[in-house]
Structure formats: C-alpha cells, structure tokens
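Here are the chains, one letter per residue:
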Protein chains: 2
Amino acid sequence: MIKINIYCVGSLKEQYLKDAINEYKKRLSRYAKVEIIEVKEAKVDETNITKGLNEEGENILKRIKDGEYLILSDLHGKEITSEEFSKSLRELIDKGISPISYVIGGTYGLSNELRKRSNDKISLSKLTFTHQMTRVILLEQIYRAFKIINNENYHH
Amino acid sequence: MIKINIYCVGSLKEQYLKDAINEYKKRLSRYAKVEIIEVKEAKVDETNITKGLNEEGENILKRIKDGEYLILSDLHGKEITSEEFSKSLRELIDKGISPISYVIGGTYGLSNELRKRSNDKISLSKLTFTHQMTRVILLEQIYRAFKIINNENYHH
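First, a word on scope: everything that follows refers to the structure included in this document. (Residues numbered from 1 in each chain as written. Chains lettered and ligands numbered in written order. Predicted model: local features only at pLDDT ≥ 70, side-chain atom pairs only at ≥ 80, totals over all residues. Heavy atoms only, no water.)

So, about the interface of chain B and chain A. Taken together, the contact between chain B and chain A spans 32 residues of the former and 32 residues of the latter. Scanning the region where chain B abuts chain A turns up two salt bridges. Close ionic contact of arginine 27 of chain B with glutamate 14 of chain A constitutes a salt bridge, the shortest N to O distance being 3.2 Å. Inspection of the chain B/chain A interface yields 10 residue pairs in polar contact (both at pLDDT 80 or more). Residue assignment for the side of chain B that touches chain A shows that the elements contributing at least two residues are helix 1 (15-28) and helix 5 (131-149) of chain B. The residue makeup of the side of chain B that touches chain A, split by class, is 12 nonpolar, 11 polar and nine charged. (Contact = heavy atoms within 4.5 Å. Salt bridge = Lys/Arg side-chain N within 4 Å of Asp/Glu carboxyl O. Polar contact = N/O pair within 3.5 Å; in protein donor to acceptor, adjacent residues only side chain to side chain. Helix = DSSP H or I, 4+ residues; strand = E, 2+ residues; numbered from the N terminus. Nonpolar A, V, L, I, M, F, W, Y, C, P; charged D, E, K, R; others polar.)

Structure below.
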C-alpha cells in the first residue's frame, strides 16, 4: 500500500480540526497508509523569525529519510488544480515512489533549508490559510486525488 | 454594525464543519452581524445538471433584495490574496454598502442567472473544495480580513 507522510508543525488545538483530520484519515485508509508527523513548534522571537523557522525546519529535516520525496505546501509554489494535483500524485505512484511526503510549515512558513531539500513546491491558494486548516485542505485534496485516480464519483 | 450574508446550498452534514462555522461566527460577532442563509439543495439529474443549477440559483435569487451587493465564490472568478480580499471588503464597508453578500454554489456550481446578477466573482483557489468546506474557508477569510482591517495580530 502507498505510504503518505504529512509533516507539520505543532499539534491541532481545535477539536473540529482534529475531527476533520480523523475523518479524512479514515476515508483515505482504503487508498494509502497516511501518517501525520507533528514536529515541535518553535518559540518564535518576532525580531528574529528566521531563527524560529530554521529550528522548525531542522525538526522536520531530522525526521526525513535520505531520498524521501518531499513536496512542500508553499505560498511561493506553483498553483495547481485538483486534477493536476491528482495527476502528479498518480505519476509518483506509477514511478513506485513511496513514501510520498508533504510538508506544511508553521505559523511563519518554511525555512530555506526545507525549500532547498524539497523535490516540489505547490501552492494550495493565493489566499493565506491557517497552517492548521491547511492540514485539512491538503488531506481533502489527497482524498480527492485518489477518487479521481480511481475514477470514483465524488461530489463536491 | 456591518451586515454580512452568506448564501449557500443545503445544510452542513458533518459536525466538525458545523463546529468550525460556529467558531468563526462567534469570532466574527465582534466585527459584523454574519448571517448564513441556506437554500434548498436541488435534486440534480446528472443528465440535466443545468436544470438543477437553475433551481438552486432561483432559490438564492428569491432571497436576495434589489440592489443587494453580491460576491460569488466562483472557480472562474479572479484569484486574490488575503490582503486583496481584505482591501476589497474594506472598500465596500467604506462605501457604506450593507449587507455585503457572498454566495457559495452547491455541488455542481452556480447558475448563469446568479453570475449575471452578481457584482463580483472571486476564486478562493484553483483547487476544487467541497462546497461545504468552502463555507469554512470563506468565513475564515472574512475573519482574517477584519483582523487585517483593524490592524490586529493574527497568527496563521
């Protein structure tokens, strides 16, 4: 079974977000083994945000294996449609790449080291979302992608 | 107090979405009187989607007052950043426009009549979201917009 890792920063605070994540993890269990890996949120000093970003980036990089395929959710990444998202997931699966790993930055974004290490960068929207809500949006897109890949009906 | 209407199709099925909406309605109550107006979902015949769309469009149009300012959440609308979203909300408020009304289509989207009647069309993302999740995303953007308008800190 395909393995998908989602690296993110900090734990979810709101119960409704936890419930949403659990719902999509359950739905996705038919298609993939999805693991959400939460790393420690840095105590960010507003006068030195880079330091905090680097610390969170390091916490993620420590967990990533050599050669692990990494896709960042990044405001500066390329914007794609759900069909394109699905197509690129399918191509990775067809190449036998596993795990396929997504990274969602924290409150202040992503470190340069993470950007350098990444294999791909996608932007989910021009809008800024909370990084906690981004988790739900990304999981829903992965679920949607599998529905498209498998030619299954999915009403939105 | 500014009045904001959100017209949408059908009622929310998932408890976590209801909880998310209630949370943002509560947070927004400091800035605006937000009303969510749910119209009946049409029984859509897949061989004649336009008929269903028109029915849902009609259900929304019946509820809208003459001259009511209407912004559609529309895949074909213009994509904007959270800052632009906030700026355009502020401009409407400064002009004394009230209510400011947003429309989220149903499973199959929006009718042409609704598009013709609208004053503005915005796209929240190139990605397709469920229309139920779009409600949460839109409310969060409105909340974010008021935080920006009021120069208040809001960590994402």
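So, on to the pattern of salt bridges. What the rule picks out here adds up to 26 salt bridges over all chains. Across the salt bridge formed by glutamate 152 of chain B and arginine 30 of chain B, the nearest N and O atoms sit 3.2 Å from each other. Here the residue glutamate 152 of chain B occupies a position in the segment after helix 5, and arginine 30 of chain B occupies one in the loop between helix 1 and strand 2 (32-39), the gap between them amounting to 122 residues. With a relative accessible area of 54%, arginine 30 of chain B lands in the exposed category. One network of salt bridges, with partners in common, ties together Glu14 of chain A together with Glu23, Lys26 and Arg27 of chain B. (Buried < 20%, exposed > 50% of the residue type's maximum accessible area, 1.4 Å probe, protein only.)

Turning next to the side chain of serine 125 of chain B. Within the element layout of this structure, serine 125 of chain B appears in the loop between strand 5 (120-123) and helix 5. For serine 125 of chain B, the contacting residues outside a window of four places in its chain are Leu124 and Ser125 of chain A together with Leu75 and Glu79 of chain B.

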